[in-house]
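# Chain and residue survey
Residue-level listing of the chains:
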Amino acid sequence: MHPDLAELDLPEQDFRVQLRTWRALLDRPLTSYYLVLGITVLLLGLGLVMVQSTASVADLAAGLSPYSDFSKQLLGAAIGLPLMWVAARSSPRLFRALAYPLLAVAVVGLCLTLIHGVGVTQNGASRWIDIGGQQLQPSEFAKLALAMWGADLLARKDRFGQLTDWRHMLVPLMPGAGVLCLLVMSGDDLGTTFILLVIFLALLWVIGTPGRVFSGVLILMALAMVLMIVSAKYRFQRLTGFLASPGSATGVNMQSIQGKYAIGSGGWFGVGLGASGGKWGWVPESTTDFIFAIIGEELGLVGTLCVTFLYGGLAFAGLRIARRVPDAFCRLGATAITAWIVVQAAINIGAVIGVLPITGVPLPLVSAGLSSLLVTLVGLGMLMAFARQEPGAREALAARGPGWPLRVLSWLGLSKRRK
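In short, a report on the structure. These numbers were taken from a predicted model, which means no experiment stands behind them.

### Structural notes on the packing of aromatic side chains
- For the structure shown, the criterion picks out five aromatic pairs.
- Ring geometry for Tyr33 against Tyr34: centres 5.3 Å apart, planes inclined by 90 degrees, an arrangement best described as edge-to-face.
- For Tyr33, a relative accessible area of 8% gives the class buried.
- Among the residues examined, Tyr34 registers a relative accessible area of 39% and is labelled partly exposed.
- With centroids separated by 5.9 Å and ring planes inclined at 85 degrees, the aromatic side chains of Phe329 and Phe386 adopt a geometry described as edge-to-face. Note that Phe329 is positioned in helix H13 (residues 328-353) and Phe386 in helix H14 (residues 370-387), a separation of 57 residues in sequence. The exposure classification of Phe329 matches that of Phe386, with both residues buried.
- Pairwise contacts between aromatic rings join Phe95, Phe329 and Phe386 into one cluster.

Rendered as structure tokens:
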């Protein structure tokens, strides 16, 4: 018996043994890889179910098929999962090679949304472009572009020893992030602008920006956010409405109040899948920004805690990858992608439960939205690729044998091995 366990009671010994077993499991090389994969599949599956549950009502009210929005989300999953698989098996060198082209595509896409007749306007905001009958939101691609470009830029500067000067940390990263933020704000999207700033701050934090410089950037960003809020009447009303008394349940703060009603009515275990009353027009944007409220109503407190736990597990896995990978680009990219997805989820959930103002950001992998789903899946695929760079991961993957596609081909008699 282990000397530390010799003087313990039997129940306490069993607990210590189980604790050591769990620690050993977490220390395995592929733990991060499978955590990201498992959490992604669970959240994606939940998202498909909840989009069908919530969107069918709005589709029927609009005279469409009850599967209209669900089919779009399913299309995003059908395209996004293979993209995630390709990204997960790609080399970080490929991501670095694609960083600048993706940034250029994001900038061009954001500029196209500002052209009358090209950009698609909804609710007074021009954030979309129509491609092949599908509306894409370039600001979603800007998140991934900033994470990849910023990580590549800082990794190159770190390689040449240029980051000893704080000015090299900010230039051209800060102007580049500023251009993206200005273009996104031209489409009146404060929520996505804030997420871009979070990615920018995550990159600066990981690279070791001096405290005075980091504090100065934070103050500058806070002032910019305040100016953007007070410059638009509806954004200022959202902030004052959050700080003031709630008012009427069908008034200005209807979305926030009805969202909390929906969550509260779910109780511990919910009213049942598909049985929500809030999705029948009471909770605005129930398929996108406030889908978490419908989760709380239909699946109860247990369901919302499970979703929150999954995002917490994703944060743990992403930061574990960033801590363990030896390459600077992988470390920066893993931190930026993790911060983007987890902070966006926290902002969405916080707005629904009433602890944060409503900003209009979707719940990653769960809310309806083709662009958001595709970009998030690719980002998580990159995170899995970074996890493959952890010490011992390659050896563990090699010892695992051929992947499931080769095994399937082998079962079908279609796989040919070279001798």
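### Quick notes on the side chain of Thr209
- In this structure, Thr209 sits in the loop between helix H8 (190-207) and helix H9 (211-230).
- For Thr209, the side chain forms a polar contact with the main-chain oxygen of Leu204, separated by 2.7 Å.
- Setting aside chain neighbours within four positions, we find Thr209 in contact with Met169, Leu204 and Phe214.

### Description of the side chain of Thr193
- Mapping Thr193 onto the fold places it in helix H8.
- You can call Thr193 buried: its relative accessible area is 1%.
- In terms of polar contacts, Thr193 uses its side chain to reach the backbone carbonyl oxygen of Asp189, at 2.8 Å.
- In this view, Thr193 contacts Cys181, Val184, Met185 and Met228; residues no more than four positions away in its chain are not counted.

### Focus on the sheet that holds strand S2 (residues 125-131)
- The strand order S1-S2-S3 describes an open sheet built from three strands, whose pairing is antiparallel. Sheet topology places strand S1 (119-122) and strand S3 (134-136) at the edges, where each strand pairs with a single neighbour. When strand polarity is set aside, the average angle formed by the axes of neighbouring strands in this sheet is 50 degrees.
- Both S1 and S2 contribute to a ladder of four bridges, which runs antiparallel. Bridging from a neighbouring strand, Thr121 pairs with Ser126 of S2.

What counts as what
- Residues numbered from 1 in each chain as written.
- Predicted model: local features only at pLDDT ≥ 70, side-chain atom pairs only at ≥ 80, totals over all residues.
- Heavy atoms only, no water.
- Phe/Tyr/Trp six-rings, centres within 6.5 Å; stacked < 30°, edge-to-face > 60°.
- Buried < 20%, exposed > 50% of the residue type's maximum accessible area, 1.4 Å probe, protein only.
- Helix = DSSP H or I, 4+ residues; strand = E, 2+ residues; numbered from the N terminus.
- Polar contact = N/O pair within 3.5 Å; in protein donor to acceptor, adjacent residues only side chain to side chain.
- Contact = heavy atoms within 4.5 Å.
- Pairing = 2+ DSSP bridges.
- Axes fitted to C-alpha atoms, helices over the stretch in contact; angles between N-to-C directions.

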